[in-house]
Amino acid sequence: MEDFFRELEDCLRGEVSEAELADSMNYYRQYFREQRAAGVSEEEIIRSLGSPRLIARSIIDAHEAQEESGEYYDSGQNSYYGSDQDGYYDVEQGQYRGTEENRGYVRKKGSMLWGVLIFVVVLLLLGMVIKVLLPVILVVIAAVLILRLIRGDS
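Cut-offs used in this document
Residue positions are given per chain, counted from 1 along the sequence in the order it is written. The predicted nature of this model means local features are confined to residues of pLDDT at least 70 and side-chain atom pairs, given and counted, to a pLDDT of 80 or more, with totals for whole chains, interfaces and linings taken over all residues. Calculation of side-chain values draws on the structure's entire complement of heavy atoms; hydrogens and water are dropped beforehand. A run of DSSP states H or I qualifies as a helix once it reaches four residues; a run of E qualifies as a strand once it reaches two. Both are numbered from the N-terminal end. Per-residue accessibility, obtained with a 1.4 Å probe over protein chains only, is compared with the maximum for each type, and a residue is labelled buried under 20%, exposed over 50%, and partly exposed between these values. Whether two residues are in contact is decided by their heavy atoms, any of which lying within 4.5 Å being enough. Accessibility throughout is a Shrake-Rupley quantity obtained with a 1.4 Å probe, and a residue counts as covered only by protein chains that appear here. Here the nonpolar core consists of buried residues drawn from Ala, Val, Leu, Ile, Met, Phe, Trp, Tyr and Cys, with membership extended through side-chain atoms lying within 4.5 Å. Axis definition: a line fitted to C-alpha atoms, limited for helices to the stretch in contact. Angles are taken between N-to-C directions and run from 0 to 180 degrees. We call two directions roughly parallel when the angle between them is under 35 degrees, roughly antiparallel when it is over 145, roughly perpendicular when it lies between 65 and 115, and oblique otherwise. Left-handed is the label given to a crossing in which the near helix is rotated counterclockwise from the far helix by less than a right angle, and right-handed is the label when the rotation is clockwise. Per-residue confidence from the predictor is given as pLDDT, running between 0 and 100. Working rule for helices: expected span equals 1.5 Å times residues minus one. Each salt bridge in this description consists of a side-chain nitrogen of Lys or Arg and a carboxyl oxygen of Asp or Glu lying within 4 Å of one another.

Draft legend 1. Fine view of the overall build of the chain. When its secondary structure is counted, the chain shows five helices and five strands. Listed N to C, the secondary structure of the chain is α-α-α-α-β-β-β-β-β-α in terms of helices and strands. When the 154 residues of the chain are sorted by exposure, 19% land in the buried category. Sequence-distant contacts in the chain: of pairs separated by 6 or more residues, those separated by 24 or more amount to 31%. Of the roughly 11,600 Å² that the chain leaves accessible, carbon and sulfur atoms contribute 60%.

What follows is the structure, encoded as structure tokens:
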């Protein structure tokens, strides 16, 4: 087990911040404790987790992706902060909260879903109307052209 943690720490050191390194190590130590309490052997735990190098690579890749997007996770607050700095996602509350400047502002996670749903419904209705009216419009245009040809209008 200590070899596992030593290799994981060696692979992460210098690649992620000290806080993120500590969070990752604490997470896996807690995972080991919980699994041991559930009666799982150290060998089984290590086998189920896989290579510490691969775990470290995943953590580093996630860290780099967060740096590119400007987002980060604050384990002390259990919250995700975005690059726009207009608020954060509170994991425990399951909702988006504004910053101090807009303290009263709280946006629920599903509010954007309703907007997308309404947009899709409007598109579907518009599509059905066009589907019904298009043949009628084509028949009317054809009838007008035929009548003009018969009358000799140009």
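Draft legend 2. Quick look at the nonpolar core. Counting 15 residues, the largest nonpolar core has Leu8 and Leu12 as its most contacted members. If you tally residues by element for this core, the top one is helix α1 (residues 2-12), at five residues. In this view, Leu8 contacts Met25, Tyr28, Pro52, Ile55 and Ala56; residues no more than four positions away in its chain are not counted.

Draft legend 3. Structural view of the packing of helix α2 (residues 18-37) against helix α3 (residues 42-49). Where α2 contacts α3, the two axes come as close as 10 Å, and the packing angle between them is 130 degrees. Of the possible angle classes, the one that applies to α2 and α3 is oblique. In this structure, α2 crosses over α3, and the sense of that crossing is right-handed. For the pair formed by α2 and α3, the contact residues are Tyr28, Tyr31, Phe32, Gln35 and Arg36 on the first element and Glu42, Ile45, Ile46, Ser48 and Leu49 on the second.

Draft legend 4. Region of the structure containing the confidence of the model for the chain. Residues of the chain with pLDDT of at least 70 account for 68%, and the chain-wide mean is 77. Low pLDDT, under 50, characterises residues 100-109; the stretch is placed with 12 contacts to residues that sit more than four places away or in other chains.

Draft legend 5. Region of the structure containing α2. For α2, with 20 residues, the first-to-last C-alpha span of 28 Å sits near the 28 Å given by 1.5 Å per residue. Following α2 by one or two positions, Gly39 adopts a phi angle in the positive range, close to 90 degrees.

Draft legend 6. Local environment of the pattern of salt bridges. Tallied over the full model, the rule gives six salt bridges. Ionic pairing is found between Glu7 and Arg53, a salt bridge with its closest N-O pair at 3.0 Å. Of this pair, Glu7 sits in helix α1 while Arg53 sits in helix α4 (residues 52-69), and the two are 46 residues apart along the sequence. When its relative accessible area of 28% is taken as the criterion, Glu7 is described as partly exposed. Accessibility expressed as a relative area gives 54% for Arg53, which makes it exposed. Among the charged side chains, a network of salt bridges with common partners joins Glu9, Arg13 and Glu18.

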